[in-house]
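One-letter residues, chain by chain:
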Amino acid sequence: MGVVTSRTQLAKQHNTLTEAGFHRSWYPLCLSAELTAGTAIGRDFLGTRVVAWRDAAGQPVVQSAWCPHLGADLSVGQVVDGRLRCAYHHWSFDGTGACADIPTGDKIPAAARIFSYPAEEKWGLVWAFNGETPDFGAPRIPGAEPETIEHAAQARGERPWDTWIAVSNGVDFQHLRTLHGLPVNSMPDEITVEAGGIEFRVESPFHLQHGRITGTNTFAQHLRFSGQEMFQLFTGAPIEPGRSRGFFVVGVPKGEAQRLPEVVAMVDRLNAEDAPVLSTIRFRRGLLTASDRHLARYFRYVDEFPCFLPPER
Ligand code: FES
Ligand SMILES: [Fe+2]
C-alpha cells in the first residue's frame, strides 16, 4: 500500500510539473558535430518534440517539430535553400518559425508559424532556452572560455532521472568524500546565488574547486589538483518528468590536449558512481543537517525557479 501511495504522489508531482512547464533554462539538445549542414534532427524534449537544423548562415535553429498544417513531424523533413521543408506537403519554414512557402500558391495563413526556441552553440553542444527569450546566458565553465581551453563534448544517452536532482550533486559536498572518495575535506563557507545561477569557490594550498550551476540542469567546475588544471561540465535535458538526456564536456589548458582522455576517465568514474544512486533514488527533502545547508539553499533556488510551458505539445 505504501508503495502505491508513493507512486501516486510521484505521479501527482510530475503532473503538477508538466502543467507548470519546465524550468526556464538552457538545455543541451545534441552535439554540434551531429548537426551537420542540411540535416534535421528530431528530439523528444520537455514533454514535446523539437527539430534542430542549421540556417543558411550555419546558425543552429531549434523549433517545435509539429507542422501547423496537419501535424507532421518536421524532423522527417528536409533542409532546402536555408529553410526547413515539411516532408508531407512541402510547406517551408524559416529560422524565425514563419511559414515562407506553400507550393500550391495558396495564401499563407497568419497562424502558420512554429515556435522557435532561442538557440546557441557553445562547448561543442547545441543549446535551446525554454522560453521566448533567454533570461541569462548559456552555461559558463568557471575560469574558461571556449577559445581559451582545449575541450570536447560527449553524449551520455538517456537517463532515468530529473536533471535538477542530478545537479544537486554540485553543492552536495558530503557526497564527494563519501560516494566518490575524493580527498575533499572542505566545503565553501558561502555559495553565491544569483538569478539563473549558483557559484562557489574552495581553495587550499593543495587544490581548487570553482563550481558553477547554470539554470537547474548544468554543473560546471574548474579543478586544480597537484598543479594540474581541468574543466568539467555536466548537463542534461528533460525528455519528460523523470527522464533526461545527458551530455558532458571536458577541458584542459591549451597545449595539453593529450590530457583530455584522463579527464574523460575521471568524469566516467564520477558518473558510474552517481548512476546507481540517482537511478534508484526516491527523492525527498528528507532530514537535512547543518552540513547540508548549501544543498538546502539549492532546493529553495529550484523551488523558486521560473517555469515555462513549451507550446505545441
Ligand atoms: S503536414 Fe506539413 S505541410 Fe502538410
Ligand atoms: Fe556525484
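Just so it is clear, the structure is predicted and the values come from calculations on it, not from any experiment.

## Let's talk about the confidence of the model for the chain
Right, so step 1: For the chain, per-residue confidence averages 93 on the pLDDT scale, and residues scoring 70 or more make up 93% of the total.
Right, so step 2: The model gives residues 1–7 a pLDDT under 50, and that stretch makes one contact with residues more than four places away or in other chains.

## Considering the pattern of salt bridges
Right, so step 1: All told, the structure shown has 18 salt bridges when counted by the stated rule.
Right, so step 2: Across the salt bridge formed by E199 and R212, the nearest N and O atoms sit 2.6 Å from each other. With E199 in strand β15 (residues 197–203) and R212 in strand β16 (residues 207–214), this pair connects stretches of sequence that are 13 residues apart.

## Digging into the sheet that holds strand β4 (residues 48–54)
Sheets are built from strands that pair by backbone hydrogen bonding, the pairs being arranged parallel or antiparallel.
Right, so step 1: Taken in spatial order, the four strands of this open sheet run β3-β4-β5-β10, and their pairing is antiparallel. This sheet does not close on itself; its edge strands, each paired only once, are β3 (41–45) and β10 (116–117).
Right, so step 2: In the sheet, strand β5 (residues 60–64) pairs with β10 via two bridges, with the strands oriented antiparallel. Paired with V62 across the bridge in β10 is Y117.

Calculation criteria
Residues numbered from 1 in each chain as written. Chains lettered and ligands numbered in written order. Predicted model: local features only at pLDDT ≥ 70, side-chain atom pairs only at ≥ 80, totals over all residues. Heavy atoms only, no water. pLDDT = per-residue confidence, 0-100. Contact = heavy atoms within 4.5 Å. Salt bridge = Lys/Arg side-chain N within 4 Å of Asp/Glu carboxyl O. Helix = DSSP H or I, 4+ residues; strand = E, 2+ residues; numbered from the N terminus. Pairing = 2+ DSSP bridges.

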